[in-house]
Amino acid sequence: MRYVTVTALSHPGLVRDHNEDSLVVGPWTLCGTVTENPQTLVFPLGTPLVVAVADGIGGQPGGEVASALVVRHLASYGPSMDSEEAVRDVLDVCNHAVYAAADRNPALTTMGTTVAGAVVLAESLLVFNVGDSRVLDASGDDLRRLSVDDSPPPAPGQRTTSLVTQALGGSPRFSAITPHVTMAPLAAVDRCLVCTDGLTDPVPEDTLGDLLRAHDGGRATFELWKCAIEAGGPDNITLALFGIGT
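Residues numbered from 1 in each chain as written. Predicted model: local features only at pLDDT ≥ 70, side-chain atom pairs only at ≥ 80, totals over all residues. Heavy atoms only, no water.

Below, the discussion takes up the pairing of strand S7 (residues 124-130). With seven of seven residues buried, S7 lies mostly within the body of the structure. Residue alternation in S7 divides its side chains into two sets, Ser 124, Leu 126, Phe 128 and Val 130 and Leu 125, Val 127 and Asn 129, and both sets are buried. In terms of strand pairing, strand S6 (residues 112-120) meets S7 through six bridges, oriented antiparallel. The residue of S7 that forms the bridge with Val 115 is Val 130. Linking S6 to S7, which pair antiparallel, is a turn of three residues. When S7 meets strand S11 (residues 180-185), the two strands line up antiparallel, connected through six bridges. Within the sheet, the bridge partner assigned to Leu 125 lies in S11 and is Ala 184. (Buried < 20%, exposed > 50% of the residue type's maximum accessible area, 1.4 Å probe, protein only. Helix = DSSP H or I, 4+ residues; strand = E, 2+ residues; numbered from the N terminus. Pairing = 2+ DSSP bridges.)

As structure tokens, then:
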């Protein structure tokens, strides 16, 4: 029997006073917490399995509320996310849910979150994102980006930017989203890293690739987190590394 092994970790970093990231792996969610030790979960391959991160937008109220709301919706709807259309529909539901929650509580007006992840199916992978959290193919020797950053070009001399051009919620009035959703054969993409920009902003993808070639599972997850911490840990760090086994 083939199975999916997912190893995940979430940490506030060294600068932020709390964690606005959330994580979903199948029915399991982790919201605004601290896990310095990687958590490993194993699932049989078959029923759609969603693995995703959500990064609450900093500088606006309720980022942790928005990210938690989104991953809980993904956990609930995950088994139904078996096509590109279904993924887009669920992300649209998530977007409406964030705006509805903000409408009910004026203190949460403009709260928002990015989201990025993958749905593991029996023979394929559905990759999705809104915002600048990322999904990276770690199957081969070279790390390959599968998600599409919703960000303006960085300023001259800068490698990254904290601005996003699309998110779930994040505006005073409802704004529709256009999620990035693609399908890839599982035979070609059988190991993936899903992460917030708290990992990819301080750590270049070349370095991430080196670490993933050297390590796997919980050790890889720990080494990735440690590298972000050693680079200053300027933001919340959340990541999930999953692979297919037999």
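There's more to say after this.
All told, the structure shown has 12 salt bridges when counted by the stated rule. In this structure, Asp 137 and Arg 144 form a salt bridge, with 3.0 Å as the shortest nitrogen-oxygen distance. Asp 137 sits in the buried class, given a relative accessible area of 5%. For Arg 144, a relative accessible area of 43% corresponds to the partly exposed category. Residues participating in the shared-partner salt-bridge network are Arg 134, Arg 145, Asp 149 and Glu 205. (Salt bridge = Lys/Arg side-chain N within 4 Å of Asp/Glu carboxyl O.)

Okay, the environment of Ile 237 next. By the element assignment, Ile 237 lies in strand S13 (residues 237-245). Taking the C-alpha atoms as reference, Ile 237 lies 14 Å from Ala 116; in sequence the two are 121 residues apart. When sequence neighbours within four positions are dropped, the list of residues in contact with Ile 237 reads Leu 9, Ser 10, His 11, Gly 13, Asp 21, Thr 196, Gly 198, Leu 199, Trp 225, Ala 228 and Ile 229. (Contact = heavy atoms within 4.5 Å.)

We now examine the environment of Leu 23. Summarising the element assignment, Leu 23 is placed in strand S2 (residues 21-25). The spatial distance from the C-alpha of Leu 23 to the C-alpha of Ala 52 is 5.9 Å, given a sequence separation of 29 residues. Dropping the residues within four chain positions of it, Leu 23 is found in contact with Ala 8, Trp 28, Thr 29, Leu 30, Ala 52, Val 53, Val 71, Thr 238 and Ala 240.

Another point: the sheet that holds S13. Strand order in the open sheet formed by six strands is S4-S1-S13-S12-S8-S9, and the pairing between neighbours is antiparallel. Looking at strand neighbours, the two that pair on one side only are strand S4 (39-44) and strand S9 (144-145), the edges of this open sheet. As defined by bridge partners, strand S1 (residues 3-11) adjoins S13 across nine bridges and the pair is classed as antiparallel. What sits directly across from Val 6, in S13, is Phe 242. Seen against the sheet, helix H4 (residues 205-214) touches strand S8 (134-137), S9, strand S12 (191-195) and S13 and runs at an angle of roughly 50° to S8. Lying over the sheet, helix H5 (residues 217-230) contacts S1, S12 and S13, oriented at roughly 155° with respect to S13. (Axes fitted to C-alpha atoms, helices over the stretch in contact; angles between N-to-C directions.)

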